[in-house]
Every structure is written in structure tokens, then in C-alpha cells.
Amino acid sequence: MKLLTSALGLPFGQNEVDFVIPNLEQDRRLCIDPILLYKANNLELRSLHSKMLDVFNFAIEQFENGNVKEAEYLIDFPEVLK
């Protein structure tokens with residue numbers, strides 16, 4: 001297993017941080033950690049976290065109203081192709 005921290009020579013481990021340290025051999029190359037958006041100092045980035053929650057809440061509402069296909073469409077996030 002090759003973690004990002006070891007590849008970059010960073011001096012901390014998983015138990016010392018509040019985010020997941022990516023495994024470069026297994027994890028997808030592209031991702032956005034929603035918690036990093038939530039904790040961002042930049043208000044524009046922080047607002048993206050709220051927008052993501054809006055999408056999930058709308059999907060839940062669609063499911064509760066019997067619009068299962070709409071809900072599935074909103075929460076289908078296929079893997080990024082290489």
C-alpha cells in the first residue's frame with residue numbers, strides 16, 4: 001500500500017488527521033472530500049457543500065414522493081474512467 005503521505009514524505013499518519021489519506025494504488029485519482037468543502041475558509045467553496053446537501057435532500061424528497069427513478073438519477077455517481 002502506498003499512501004499519499006509516504007509519496008510526498010509527509011510526517012503524519014492517519015490517526016493524526018481528520019481526513020482520509022488516499023491510497024495511491026487503490027483510490028480513484030479524482031475526488032472532492034465534502035468535509036474539506038465544509039471546513040474551507042473560502043466562502044464559495046463552503047457554499048458548494050451546502051449545494052451538495054441540497055441535491056441529496058432533494059433526492060430523498062423524490063424517493064419519499066415515489067419518484068424512485070429521479071432519486072436514483074440524482075445519486076448515481078459512476079466511477080471516473082481512466
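Located above this text is the structure these notes cover.
What comes next is a walk through the structure.

Rules used in this analysis
Residues numbered from 1 in each chain as written. Predicted model: local features only at pLDDT ≥ 70, side-chain atom pairs only at ≥ 80, totals over all residues. Heavy atoms only, no water. Helix = DSSP H or I, 4+ residues; strand = E, 2+ residues; numbered from the N terminus. Rg over C-alpha atoms; globule rule 2.2 N^0.38 Å. Buried < 20%, exposed > 50% of the residue type's maximum accessible area, 1.4 Å probe, protein only. Contact = heavy atoms within 4.5 Å. Areas by Shrake-Rupley, 256 points an atom, 1.4 Å probe, with all protein chains shown as cover. Lys, Arg positive; Asp, Glu negative; His and termini not counted. Charge placed at Lys NZ, Arg CZ, Asp CG, Glu CD. Salt bridge = Lys/Arg side-chain N within 4 Å of Asp/Glu carboxyl O. Polar contact = N/O pair within 3.5 Å; in protein donor to acceptor, adjacent residues only side chain to side chain.

Turning our attention to the overall build of the chain. From N to C terminus, the chain includes 4 helices and 0 strands. The helix and strand sequence of the chain, counted from the amino end, reads α-α-α-α. At 17 Å, the chain has a C-alpha radius of gyration far larger than the 12 Å of a compact globule built from 82 residues. For the chain, the proportion of its 82 residues judged to be buried stands at 12%. Partitioning the contacts of the chain with sequence separation of at least 6, the portion at a separation of at least 24 is 12%. Carbon together with sulfur atoms contributes 59% to the accessible area of the chain, which is approximately 7200 Å² in total. Distance between charge centres in the chain, computed from 8 positive and 13 negative side chains, equals 8 Å.

Time to look at the pattern of salt bridges. As a working rule, side chains carrying opposite charge can pair if their charged atoms are close by. Following the criterion strictly, the structure yields 1 salt bridge and no others. The salt bridge partner of Lys39 is Asp18, with a shortest N-O separation of 2.1 Å. Remark: Asp18 occurs in the loop between helix 1 (4-8) and helix 2 (34-39) and Lys39 occurs in helix 2; sequence separation between them is 21 residues. Here Asp18 falls in the exposed class, since its relative accessible area comes to 55%.

Take Thr5: it is sitting in helix 1. Counting along the chain gives 21 residues from Thr5 to Gln26, while the straight-line C-alpha distance between them is 14 Å. Non-local contacts of Thr5, meaning those with residues more than four positions away in its chain, are made with Leu10, Phe12 and Ile21.

Moving on, we come to the side chain of Asn23. Mapped onto the elements, Asn23 comes out in the loop between helix 1 and helix 2. Taking relative accessible area as the criterion, Asn23 reaches 6% and is therefore assigned buried. Within the structure, the side chain of Asn23 is placed 2.9 Å from the backbone nitrogen of Glu25, a separation counted as a polar contact. Separated by 3.2 Å, the side chains of Asn23 and Gln26 make a polar contact.

All right, on to the environment of Tyr73 then. Structurally, Tyr73 is set in helix 4 (residues 68-74). Through-space distance from the C-alpha of Tyr73 to that of Phe12 is 39 Å; in sequence the pair is 61 residues apart.

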